[in-house]
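Spelled out, the chains give:
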Amino acid sequence: MWQALYEELKDRGFIVITVALDKSAEDARPWIEAARPTHPSLIDTRHVVAELYNVVNVPTIVWIDERGRIVRPNDVAFGADTFRQLTGLDASIHLGALRAWVRGEKPAFTTDEARAQQTLPTATDQQARAEFGLGQWLWARGRHEAAARHFERGGALAPHDFTIRRGTMPMRGIDPMGPQFRTMLGEWTQAGRPYYRPLADTARRA
């Protein structure tokens, strides 16, 4: 869908940049080659984008205007309704808002509104990412037991950050959609916490 949206709106100066958070380029390559995107499609093996934009789950969408300003901070949005039963999110709402913004029919957030909606990492969140980064460094050097300790510590510090909790699974040979993930997700949601957190005003801005 994002490829189709890019083709639809590219003549208006709109560009889609997709970023896969994967442990290696080879993990993402089959999906990218199957999609055959004509827009930039990047692979972030070190979670740099997640750290810079405080991405704690995927998919996360950020709108950036022609001046490089964030005009809609981290939001959950899907290009289709494939996972609507799981997420409860209607893909058409966000896509409609995005089309309206690009076409100049409705504005995005003002600077103050965007800042009010933006979620910034706490000191504990930053410590969790440092633990994750150290774990990656150790894992790449074959020190898997030491790496696993830092992965676990990072997940404990920031249990809401599924880019850390799930992101370490493939490195450890664990299926990120398998039983361990489902158990983790069940424990999280049964405690009354959402897995996806769309912006509160999604319906109002659509």
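Look up: the structure comes first, before these words.
What counts, and at which threshold
- Residues numbered from 1 in each chain as written.
- Predicted model: local features only at pLDDT ≥ 70, side-chain atom pairs only at ≥ 80, totals over all residues.
- Heavy atoms only, no water.
- Buried < 20%, exposed > 50% of the residue type's maximum accessible area, 1.4 Å probe, protein only.
- Helix = DSSP H or I, 4+ residues; strand = E, 2+ residues; numbered from the N terminus.
- Pairing = 2+ DSSP bridges.
- Core = buried A, V, L, I, M, F, W, Y, C linked by side-chain atoms within 4.5 Å.
- Contact = heavy atoms within 4.5 Å.
- Expected span 1.5 Å × (residues − 1).

A word on the pairing of strand β3 (residues 61–64)
Next, step 1: Residue alternation in β3 divides its side chains into a buried set, Ile61 and Trp63, and an unburied set, Val62 and Ile64.
Next, step 2: Relative to strand β4 (residues 70–75), β3 is paired through three bridges, and the arrangement is antiparallel. Its bridge partner being in β4, tryptophan 63 is matched across the sheet by arginine 72.
Next, step 3: With antiparallel pairing between neighbouring strands as the criterion, β3 and β4 make up a hairpin whose turn holds five residues, including glycine 68 at a positive phi of roughly 80°.

Some words on the nonpolar core
Next, step 1: Of all hydrophobic cores here, the largest spans 16 residues; its most connected members are Leu5, Phe14, Trp63, Leu98, Trp101 and Val102.
Next, step 2: Sequence-distant contacts of valine 102, that is, excluding residues within four places in its chain, are made with Leu9, Arg12 and Phe14.
Next, step 3: Within the second largest apolar cluster, twelve residues are counted, among which are Val76, Phe78, Met184 and Leu185.

Re helix α7 (residues 123–140)
Next, step 1: Here α7 is 18 residues long and its end C-alpha atoms lie 26 Å apart, about the 26 Å a rise of 1.5 Å per residue gives.
Next, step 2: The inward-facing, buried residues of α7 contact α3 (48–53), α8 (144–157) and α9 (162–165).
Next, step 3: Directly after α7, the chain includes glycine 142, whose backbone phi takes a positive value near 80°.

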